[in-house]
Amino acid sequence: MSVDQPLILELAEWLETPPGRYVRGWEQKQIDAMVSNVFGYHAIQIGLPHWDLLQANRIPFRGRTRVLFERAAEQGAVVVTDPECLPFDSQSIDLLVLPHVLECSSDSHQILREAERVLVPEGRVVISGFNPWSLWGASDRIPGLDPLLPIPAHQQVSLPRLKDWFKLLSFDLDRGRFGCYAPPCTSQIWLDRWAFMEKAGDRWWPVCGAVYVVSAVKRVAGIRLVGPKWKTARKRVRRQAVVTSRHF
């Protein structure tokens, strides 16, 4: 497996801290709104199975996967797999949710290729990630400051980069949002004091949010068989001949 296993475990532990719960609360709200009206037969969440991001969806089968074999049943995972090699048939999944999975892999583009393979035409993928150009991401680049995020800034996937990958794989970006505009804080008290930054940041500097959530749809170009022009011309000549004979 090319997924950095200690990194994804560290991310799962960080999500239980005050800034982690702050990020989880915002992402849960956004993803619930994005998946609530997605219909089909199969919905899969890749990674972080202890965090149910399909609870607002109404697809009959909703499953979650886990990268590591340890404690798979305890975390609620039904499939243990590598995100870069999903054990699903091509064009068999209607909805995929990838919470911070791209950042925990050394080959993020391969994960997107697998997502494109298993999704049905017009299937949807929802991705969340840290914004490397936010205040939280900048704290990792300033010497002397302890990094707040468990994911290094150089490994975070920026939104412009993700958009380029979508174009290469025929994904159509449907919607997306930035969020979590509070300055880097490790205590809940200071996060509550900076709560007013959510509305201000969403209005004045939306691209500086600490995290983002995007939704994209897999587009497949339709094929229409067009016959040769000479066949159409021959049919017209025959029709004119039949009409002329009937007239005489």
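Details of the structure are given in the entry above.
Residues numbered from 1 in each chain as written. Predicted model: local features only at pLDDT ≥ 70, side-chain atom pairs only at ≥ 80, totals over all residues. Heavy atoms only, no water.

### Regarding the pattern of salt bridges
Inspection of the entire model under this criterion finds 7 salt bridges. Salt-bridge contacts for Glu116 lead to Lys218; the nearest nitrogen and oxygen are separated by 3.9 Å. Within this pair, whereas Glu116 is found in helix H3 (residues 108-118), its partner Lys218 is found in strand S7 (residues 211-218), the two being separated by 102 residues in sequence. Between Asp174 and Arg124 there is a salt bridge; the shortest N-O distance is 2.7 Å. You can see Asp174 sitting in strand S6 (residues 171-179) and its partner Arg124 sitting in strand S5 (residues 119-130), a full 50 residues away along the chain. Judged by relative accessible area, which is 37%, Asp174 ranks as partly exposed. Sharing partners across several salt bridges, the network here consists of Glu122, Asp172 and Arg219. (Salt bridge = Lys/Arg side-chain N within 4 Å of Asp/Glu carboxyl O. Helix = DSSP H or I, 4+ residues; strand = E, 2+ residues; numbered from the N terminus. Buried < 20%, exposed > 50% of the residue type's maximum accessible area, 1.4 Å probe, protein only.)

### A word on the packing of H3 against helix H5 (residues 159-168)
At their nearest, the axes of H3 and H5 sit 11 Å apart, and the two run at 40 degrees to each other. Taken together, the axis directions place H3 and H5 in an arrangement best described as oblique. Of the two elements, H3 crosses H5, and the hand of that crossing is right-handed. Residues Ser108, His109 and Leu112 of H3 pack against Leu162, Trp165, Phe166 and Leu168 of H5. Considered class by class, the residues forming the contact of H3 with H5 number 5 nonpolar, 2 polar and no charged. (Axes fitted to C-alpha atoms, helices over the stretch in contact; angles between N-to-C directions. Parallel < 35°, antiparallel > 145°, perpendicular 65-115°, else oblique. Left-handed = near helix turned anticlockwise from the far one by under 90°. Contact = heavy atoms within 4.5 Å. Nonpolar A, V, L, I, M, F, W, Y, C, P; charged D, E, K, R; others polar.)

### Considering the environment of Lys29
Tracing the sequence through the fold places Lys29 in helix H2 (residues 18-35). Of the residues examined, Lys29 reaches a relative accessible area of 60% and is grouped as exposed. Taking the C-alpha atoms as reference points, Lys29 and Leu53, separated by 24 residues in sequence, lie 9.4 Å from one another.

### Observations regarding the side chain of Ser134
Inspection of the secondary structure puts Ser134 in the loop between S5 and helix H4 (135-138). A polar contact of 2.9 Å, which involves the side chain of Ser134, links it to the backbone oxygen of Asn131. Excluding residues within four positions of it along the chain, Ser134 makes contact with Cys208, Gly209 and Ala210. (Polar contact = N/O pair within 3.5 Å; in protein donor to acceptor, adjacent residues only side chain to side chain.)

### Some words on unusual backbone geometry
One non-glycine residue, Leu48, adopts positive backbone phi at about 50 degrees. Not every positive phi belongs to a glycine, and Glu122 is a case in point at roughly 70 degrees. Within the element layout of this structure, Glu122 appears in strand S5. Classification of Glu122 by relative accessible area gives partly exposed; the value is 48%.

### So, the environment of Lys199
Here Lys199 lies in helix H7 (residues 197-204). For Lys199, a relative accessible area of 74% corresponds to the exposed category. For the pair Lys199 and Cys180, spaced 19 residues apart in the sequence, the C-alpha separation amounts to 9.9 Å.

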